[in-house]
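Structural description and commentary
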Amino acid sequence: QQPVQSPQAVILREGEDAVINCSSSKALYSVHWYRQKHGEAPVFLMILLKGGEQKGHDKISASFNEKKQQSSLYLTASQLSYSGTYFCGTEIAGATNKLIFGTGTLLAVQP
Amino acid sequence: NAGVTQTPKFRVLKTGQSMTLLCAQDMNHEYMYWYRQDPGMGLRLIHYSVGEGTTAKGEVPDGYNVSRLKKQNFLLGLESAAPSQTSVYFCASSYSPGQEEYSGNTIYFGEGSWLTVV
């Protein structure tokens, strides 16, 4: 039931782009993206509801393909502050009162 | 506005001891959750509650009990702690679709409780 994230880790130079993928074996109602800095709580980035929408703010955006039960997070022109672990959380259709998280993707942005 | 507050932040237990983690939220959220986080495992849902007086099992409920006697509080209990329960525990809360403030199930996390069982 836990969504699968890929890659597990990625190292970037400042200014480079990255894509993090999240896929589920279940039909999804929504996908959430969170970022966690070391030793801190996860922080909400964005939520995408079924309907195949795409969202974004600043240089971080995401897409949700309901048919493929997949979501992707796009980070463009990465900054040092983007470093952290990114988690996708999924609400399964018919069970929208709990959020199940993936195993996370560690992103390290170097100067 | 404190958001989601967890106590204690750090605790060391001996195997077999019991303890309770307290979570309090001041945002009038209907939904509350307890997650544990372990290296390489991400955040795994232990138990959750969709309202005062209700609880339900998540992905990894064994060895834990919960209670939601008041809407703002969600307690996580370990009756007989085991080394496998060494982890970081996060409480979280969110609005329910029935609440006026609901705009998608955005979850707000507490700062975490570091528990070591020796």
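That block above? That's the structure.
Residues numbered from 1 in each chain as written. Chains lettered and ligands numbered in written order. Predicted model: local features only at pLDDT ≥ 70, side-chain atom pairs only at ≥ 80, totals over all residues. Heavy atoms only, no water.

Some remarks on the pairing of strand β4 (residues 31–38) of chain B
Residue and element names in this part refer to chain B. Stated formally: When a residue's accessible area, from a 1.4 Å probe over protein chains only, is under 20% of the maximum for its type it is buried; when over 50% it is exposed; and in between it is partly exposed. Per the convention used, a helix needs a DSSP run of H or I reaching at least four residues, while a strand needs a run of E reaching at least two, with both numbered from the N terminus. If DSSP finds at least two bridges between two strands, the strands pair.
The buried fraction of β4 amounts to eight of the eight residues, a majority that puts the element mostly inside the structure. Residues Y31, Y33, Y35 and Q37 line one face of β4 and the alternating positions M32, W34, R36 and D38 line the opposite face, and both faces are buried. Pairing geometry for β4 and strand β9 (residues 87–94), over seven bridges, is antiparallel. What sits directly across from W34, in β9, is C91. Connecting β4 to the next strand, strand β5 (residues 42–49), in antiparallel fashion are three residues, including G40 with a positive phi near 80 degrees.

What to know about the state of the cysteines
Disulfides are covalent bonds that connect the sulfur atoms of two cysteines. Note the following rule: Note on terminology: pairs of cysteine sulfur atoms within 2.5 Å are recorded as disulfides.
Within this structure, the stated rule accounts for two disulfides over all chains. Disulfide partner of A:C22: A:C88, at an S-S distance of 2.0 Å. Between A:C22 and A:C88, the disulfide has an S-S torsion of 70 degrees and is therefore right-handed. Taken as a pair, A:C22 in strand β3 (residues 18–23) and A:C88 in strand β9 (residues 84–92) lie far apart in primary sequence, 66 residues in all. Residue pairing for B:C23: its cysteine sulfur links by disulfide to B:C91, the two sulfurs lying 1.9 Å apart. Judged by the sign of its S-S torsion, about -75 degrees, the bond between B:C23 and B:C91 is left-handed. Residue B:C23 is found in strand β3 (residues 19–25), and its partner B:C91 is found in strand β9; the two are separated by 68 residues along the sequence. The burial state of B:C23 is the same as that of B:C91; both residues are buried.

Things to note about the environment of A:N65
With respect to the helices and strands, A:N65 occurs in strand β7 (residues 60–65). Along the backbone, A:N65 and A:S23 are 42 residues apart, and their C-alpha atoms lie at a distance of 9.6 Å.

A few points about unusual backbone geometry
Note that the residue after A:S6, namely A:P7, is joined by a cis bond; omega there is -5 degrees. With respect to the secondary-structure elements, A:P7 resides in the loop between β1 (4–6) and β2 (9–13). Geometrically, the link from B:T7 to B:P8 is a cis peptide bond, its omega value of -10 degrees lying close to zero. Structurally, B:P8 is set in the loop between β1 (4–7) and β2 (10–13). Although it is not a glycine, A:A77 sits at a positive phi angle of roughly 45 degrees. Assignment of secondary structure puts A:A77 in the loop between β8 (70–75) and β9. For B:N28, which is not glycine, the phi dihedral falls at a positive 60 degrees. With respect to the element layout, B:N28 can be found in the loop between β3 and β4.

Let's talk about the pattern of salt bridges
Residues and elements named next belong to chain B. Rules: The rule for a salt bridge is simple: a side-chain nitrogen of Lys or Arg has to be within 4 Å of a carboxyl oxygen of Asp or Glu.
Counting across every chain of the model gives four salt bridges over all chains. In this structure, the salt-bridge partner of E30 is K71, at a minimum N-O distance of 3.5 Å. Placement of the pair is E30 in the loop between β3 and β4 and K71 in the loop between β7 (65–67) and β8 (73–78), with a sequence separation of 41 residues. Among the ionic pairs, D38 bridges to R36, the shortest N-O distance being 2.9 Å. For D38, a relative accessible area of 12% puts it in the buried group. A single salt-bridge network, built from bridges that share partners, covers R36, D38 and R44.

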